[in-house]
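Each chain is listed here by its residues.
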Amino acid sequence: MRFNTKLLHGNKMGDANTGATLTPVYQSSAFYQPSAEQHEKLFHNKATGFSYTRINNPTIFAFEERMTTLEGGIASVACASGMAAITNALLNIVTCGQEIVASTSLYGGSIDVFHDFEAFGIKMVFVDISDVNAVEAAINEKTRVIFAETIGNPKLDVVDIEALAELAHRHELPLVMDNTVATAYLVKPIEKGADIVVNSTSKYINGNSNAISGVITESGRFKWNKEKYPGVAEYARFGKMAYTAKLRNGLFRNTGACMAPQTAFYNLIGMETLGLRMERACSNAKALAEFLNTYPDITVNYPGLACSPWHEVADKVLTNGYGAILTIRVGSKERAFSIINNLSIPKIVSNIGDTKTLIIHPESTLNAHSTEKEKEDAGVFNDLIRISVGIEDIEDLIEDFKAALA
Ligand SMILES: *Cc1c(COP(=O)(O)O)cnc(C)c1O
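Residues numbered from 1 in each chain as written. Predicted model: local features only at pLDDT ≥ 70, side-chain atom pairs only at ≥ 80, totals over all residues. Heavy atoms only, no water.

In the annotation of an unreviewed UniProt entry, the protein chain is listed under the name homocysteine desulfhydrase and assigned to Wujia chipingensis. The Sequence similarities (unreviewed entry) field of the UniProt record for the protein chain holds the comment "Belongs to the trans-sulfuration enzymes family." We quote the UniProt Cofactor (unreviewed entry) comment for the protein chain here in full: "pyridoxal 5'-phosphate". (UniProt positions renumbered as here; feature names shortened; annotations may be inferred.)

### Regarding the pairing of strand β1 (residues 75-79)
Where burial is concerned, most of β1 is hidden: five out of the five residues are buried. Burial of β1 is two-sided: the residues A75, V77 and C79 facing one way and the residues S76 and A78 facing the other way are all buried. Bridge count between β1 and strand β7 (residues 214-218): five bridges; the pairing is antiparallel. Bridge pairing in β7 places S76 opposite T217. (Buried < 20%, exposed > 50% of the residue type's maximum accessible area, 1.4 Å probe, protein only. Helix = DSSP H or I, 4+ residues; strand = E, 2+ residues; numbered from the N terminus. Pairing = 2+ DSSP bridges.)

### Some points on the domain arrangement of the protein chain
Under the domain assignment used here, the protein chain contains domain 1 (3-270) and domain 2 (275-405). For domain 1 and domain 2, the distance between their C-alpha centres works out to 27 Å. With both chains or domains summed, domain 1 and domain 2 bury close to 3,200 Å², and 57% of this area falls on carbon and sulfur atoms. Listing elements by their share of the side of domain 1 that touches domain 2, those giving two or more residues are α1 (3-9), α5 (108-118), α7 (161-170) and α8 (183-186). Here the residues of the side of domain 1 that touches domain 2 are counted per class, giving 16 nonpolar, 14 polar and seven charged. (Domains from an automatic or database assignment. Buried area = accessible area lost by both parts, 1.4 Å probe. Nonpolar A, V, L, I, M, F, W, Y, C, P; charged D, E, K, R; others polar.)

### Things to note about the environment of K41
The topology assignment puts K41 in helix α2 (residues 36-43). Overall, K41 belongs to the partly exposed group, its relative accessible area being 41%. Leaving out residues up to four positions away in the same chain, K41 has contacts with K46 and A47. (Contact = heavy atoms within 4.5 Å.)

### Digging into the packing of aromatic side chains
The full count for this structure, using the stated rule, is 14 aromatic pairs. With a centroid separation of 6.3 Å and an interplanar angle of 40°, the aromatic rings of F114 and F126 are classed as tilted. Note that F114 is positioned in helix α5 and F126 in strand β3 (residues 123-127), a separation of 12 residues in sequence. When its relative accessible area of 0% is taken as the criterion, F114 is described as buried. Seen from their ring centres, F291 and Y295 are 5.5 Å apart, and the 75° between their planes marks the pair as edge-to-face. With a relative accessible area of 14%, F291 lands in the buried category. (Phe/Tyr/Trp six-rings, centres within 6.5 Å; stacked < 30°, edge-to-face > 60°.)

### A word on the site of the ligand
Around the ligand, the surrounding shell holds 15 residues, and the nearest of these are G82, D178, S200, S202 and K203. One of the side-chain nitrogen or oxygen atoms of K203 is found 2.8 Å away from an oxygen atom of the ligand. Coverage of the ligand by the protein chains reaches 94% of its 380 Å² of free accessible surface. For the shell around the ligand, the element with the highest residue contribution is helix α4 (residues 82-91), accounting for three residues. When its residues are assigned to classes, the shell around the ligand shows five nonpolar, seven polar and three charged. (Near = heavy atom within 4 Å. Polar contact = N/O pair within 3.5 Å; in protein donor to acceptor, adjacent residues only side chain to side chain. Areas by Shrake-Rupley, 256 points an atom, 1.4 Å probe, with all protein chains shown as cover.)

### Section: the environment of T150
Mapped onto the elements of the fold, T150 is located in the loop between β4 (143-149) and α7. Sequence separation between T150 and L318 is 168 residues; the distance between their C-alpha atoms is 9.5 Å. Those residues in contact with T150 that sit more than four places away from it in its chain are D157, V158, V159, I161, M177, D178, N179, A182, V187 and P189. For T150, the side chain forms a polar contact with the side chain of N179, separated by 2.8 Å.

### Describing helix α17 (residues 394-405)
For α17, with 12 residues, the first-to-last C-alpha span of 16 Å sits near the 16 Å given by 1.5 Å per residue. Among all positions of α17, only I394, L397, D400, F401, A404 and L405 are buried. Summarising the axial view, the buried residues of α17 lie within an arc of 125°, below the 170-degree limit, and thus occupy one face. Of the exposed residues in α17, those oriented more than 90 degrees away from the buried face are E395, E399 and A403. Turning to α17, the residues buried within the fold contact α13 (274-292), α15 (333-342), β11 (358-360) and β12 (384-388). (Expected span 1.5 Å × (residues − 1). Arc of directions from axis to C-beta.)

See the structure below:
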């Protein structure tokens, strides 16, 4: 099956018991067992099934299976938010006294949570992820993982995943990629060598912005060295799924990071149209980027434009398009605010990946907690506007921008 067909007919479609075409919402906190023996087996990972929704639930499980298929992994863990997914994905393998090498070009919330990690004795080393030498120089014997976004938000730098994975593996480190901005429609990081993929499914996967959630998907390929990752080694009996088994039996269940069944239901519906929405949103974004690029006093950043420093990498890494987010620099904060206020279709929202076009001034909002250096490294300036392009008619968007700029 190809991309769109698989989204509709792949893994865990509907409900085989009743013929329901959608997976029902199992709005139940707990599940009864036929016997005490069966209950014991469940708690010892010797039987599959459901006991308590904080650990798993049939609606959530259906969504996890669909995400595993979508990203081409072997197992997924659905979380309450993208931030919960990132936190769990990393703390599952990194502990006090160890280090994480991460891109400087990350979603503001990720940079914030990494500062929280520092309070627990985990050292963050931020580097320009496009600079292979800088990444290599940042690695030492305490490093346990490399973390980056496939398309950085909002710098829109596209990562050469194959090169980064090769570097990570040469140092026996796993590569964790946040695929929120690109989605599996544009790239499957696991196919390019990433070991673990996280998605904030609040964005394009859900698609309509009706629920917050995230998901962690593992490739099953990384060889967890016993000395470096003793915690994962304890789950060696789960073979390729040791990382996920540790997560599910440990931090994920114990911190209560679970997704709500209703959210899994919304995501299952939303993801059916991921391909259609991405196709339209990416084509709209490209057209809007080309239109805005005709203004001599506006600098457009979009990986689909030949003038983007990441255009060449984008052509190598991405298929089907260049993403649905672009940024523009307009000369001053005052002009940025004036343009934002004069637009009528794009809504002023701190979100991306909606069906509707959303607009934001990142410097005064998302990066409000960042230092000047962090902002600069993340490509955030006070005259910068981020546009998350939706699926409206492109003519309406262009007319609206033309009027606002006039
Ligand atoms: C939104 C976002 C997150 C955080 O996800 P939430 O679901 O809001 O917790 C993480 N990474 C990226 C790239 C995002 O855009």
